[in-house]
Amino acid sequence: MQPQESTAIHYIQFHQAHITDDEIKEVIDSLRSGWLTMGPKTVKFEEAFANYVKSPYAVAVNSCTAAMHLALKAIGLSAGDEVIVPALTFIATSEVVSYFNAQPVLVDVERDTHNMDVAAVERAITGKTRAIIPVHYGGQPCDLDELHELGKRYNLHIIEDAAHALPSYYKGKIIGSLGDLTCFSFYATKTLTTGEGGMVCTANPEWAEAVKVLRLHGITRDAWKRYAKGGSWFYEVVESGFKYNMTDVQAGLGVAQLRKVDWMLARRAEIARTYTQAFCSREELLVPYIKPDRQTAWHLYPLKLNLETLKIDRNQFIEQLIDYGIGIGVHFIPLYYHPYFQKNFDYHPRDFINSEWIYQRVVSLPIYPDMTEADTSQVINIIFDIIQKHKR
Ligand SMILES: *Cc1c(COP(=O)(O)O)cnc(C)c1O
């Protein structure tokens, strides 16, 4: 099908980072300081971040994947242990478990929120289970009270994959202040970006210290100061660590982005409201469901198709969106479909009926602060055009 002249005004990207003179100034400030790797700007970002998410400790690393890896190190995960993760997530959530030769145990999600189903989690617990990694899908917090209750009952740690959840609120409390260890992502498409980056938040001083040591070769904390004025040349390696530190160039972006994180949320929430108002009355479409006691960061706007009312499937719907110049994403291809999983694990789609149901229907629409009203209207009009043409 050819896009219509009237609607195909310009290409709307799936995501675009909000970068202004603030970010540029902070990065230049890091560059002019002459100190480019982890240093004072990273410390400043960590302090501001800890304060923002009301977490006693925040330790910056170079990705959320690294954050989750070190969080699992901090709790002492070992080979042969099991960690429960949702089937509908990004590979990083389970990859970090595999680093230990431990077993990622996939569970199904809820149809409405796309979040880990607590009943499925409980059924998956065995004598080998050590931790649960809930993913706050799209930014909507998981059922944390119920998960913490399971954690207490079975002696498990809860490590939140909060890659989508800055800022998100569960029963009025901000994500980052609630878990054993909470891991954030500052990847290029996330709600706050440093290009690449991540953060581990915890209230436990021993875990915070472990993460600090492990992110820089296992050498005693603040070893980066050894080249700074007043720093000491002496350091000791106390553990076999990793090269996972953030840099002050990245932290410059982080410091600037954090100052506008509430404004960026307000912009995304406005776009989400506009989408939902437009789509909620159409029987061909299912809008996101947010539980009443939580607030999403609106990292994603996952729209689902009511396939029974349409002559096209989700993939054909996506092809049309792309033809019309709309960037989209699919969150996520269930983990068990990846060749790596099929080769190494024995999971079957039939055991994940909700993940299957969502995967057949879902598409993530563009949602970011720099989208204009015209962009949002264009997305809505094009979707209306497509469903009008292909409804049963
Ligand atoms: C983006 C993402 C990650 C990985 O974040 P990185 O910072 O790129 O390592 C992990 N989990 C989920 C759910 C994500 O969307």
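Placed above this text is the structure.
From a predicted model like this one, the values you see are computed outputs, not experimental measurements.

So, on to the overall build of the protein chain. Counting its secondary structure elements, the protein chain contains 13 helices and 13 strands. The C-alpha atoms of the protein chain give a radius of gyration of 22 Å, which matches the 21 Å a tight globule of 392 residues would have. Across its three principal axes, the protein chain shows a C-alpha extent of roughly 70 × 55 × 40 Å. The contacts in the protein chain between residues at least 6 apart in sequence include a share of 73% that link residues at least 24 apart. For the protein chain, the separation between the mean place of its 39 positive charges and that of its 46 negative charges on side chains is 2 Å.

The environment of the ligand is made up of 16 residues, and the closest members are Thr65, Asp161, His164, Ser185 and Lys190. Within the contact set of the ligand, an oxygen atom lies 2.8 Å away from a backbone nitrogen or oxygen of Cys64. With respect to the ligand, the side chain of Lys190 contributes an N or O atom lying 3.2 Å from an oxygen atom. In the complex, the protein chains occlude 92% of the 390 Å² of accessible area that the ligand would expose alone. Secondary-structure elements contributing two or more residues to the shell around the ligand are helix H3 (64-74) and helix H4 (92-98). The element best represented in the shell around the ligand is H3, accounting for three residues. When grouped by side-chain class, the residues that make up the shell around the ligand number seven nonpolar, seven polar and two charged.

All right, on to unusual backbone geometry then. Leu166 connects to Pro167 through a cis peptide bond whose omega is -5 degrees. If you trace the backbone, Pro167 turns up in the loop between strand S5 (157-161) and strand S6 (169-170). In this structure, the amide linkage connecting His331 to the following residue, Phe332, adopts the cis form with an omega of 5 degrees. Residue placement: Phe332 occurs in the loop between helix H10 (314-323) and helix H11 (339-344). You will see that Lys171, though not glycine, has its phi angle at about 50 degrees, which is positive. Positive phi, normally seen in glycine, also occurs at Trp298, with a value near 50 degrees. Counting through the fold element by element, Trp298 comes out in the loop between strand S11 (294-295) and strand S12 (301-305).

What follows is about the packing of aromatic side chains. Per the counting criterion, the structure on display carries 20 aromatic pairs. Seen in terms of ring centroids, Phe49 and Phe184 are 5.1 Å apart; in terms of plane orientation they differ by 75 degrees. Their pairing is edge-to-face. Here Phe49 is found in helix H2 (residues 40-52), whereas its partner Phe184 is found in strand S8 (residues 181-185), with 135 residues between them in sequence. Residue classification places Phe49 among the buried residues on the basis of a relative accessible area of 0%. Assessed through its relative accessible area of 1%, Phe184 is described here as buried. Look at Tyr275 and Tyr301: their rings are 4.9 Å apart centre to centre, the planes differ by 55 degrees, and that puts the pair in the tilted class. Highlighted residues: Tyr275 in helix H9 (residues 261-279) and Tyr301 in strand S12, separated in sequence by 26 residues. Residues Tyr275 and Tyr301 agree in their burial class; the two are buried.

Right, let's talk about the pattern of salt bridges for a bit. What the rule picks out here adds up to 16 salt bridges. Between Glu122 and Arg153 there is a salt bridge; the shortest N-O distance is 2.9 Å. Taken as a pair, Glu122 in helix H5 (residues 118-124) and Arg153 in helix H6 (residues 144-154) lie far apart in primary sequence, 31 residues in all. Owing to a relative accessible area of 31%, Glu122 belongs among the partly exposed residues under this scheme. Arg153 sits in the partly exposed class, given a relative accessible area of 48%.

Parameters and conventions
Residues numbered from 1 in each chain as written. Predicted model: local features only at pLDDT ≥ 70, side-chain atom pairs only at ≥ 80, totals over all residues. Heavy atoms only, no water. Helix = DSSP H or I, 4+ residues; strand = E, 2+ residues; numbered from the N terminus. Rg over C-alpha atoms; globule rule 2.2 N^0.38 Å. Contact = heavy atoms within 4.5 Å. Lys, Arg positive; Asp, Glu negative; His and termini not counted. Charge placed at Lys NZ, Arg CZ, Asp CG, Glu CD. Near = heavy atom within 4 Å. Polar contact = N/O pair within 3.5 Å; in protein donor to acceptor, adjacent residues only side chain to side chain. Areas by Shrake-Rupley, 256 points an atom, 1.4 Å probe, with all protein chains shown as cover. Nonpolar A, V, L, I, M, F, W, Y, C, P; charged D, E, K, R; others polar. Phe/Tyr/Trp six-rings, centres within 6.5 Å; stacked < 30°, edge-to-face > 60°. Buried < 20%, exposed > 50% of the residue type's maximum accessible area, 1.4 Å probe, protein only. Salt bridge = Lys/Arg side-chain N within 4 Å of Asp/Glu carboxyl O.

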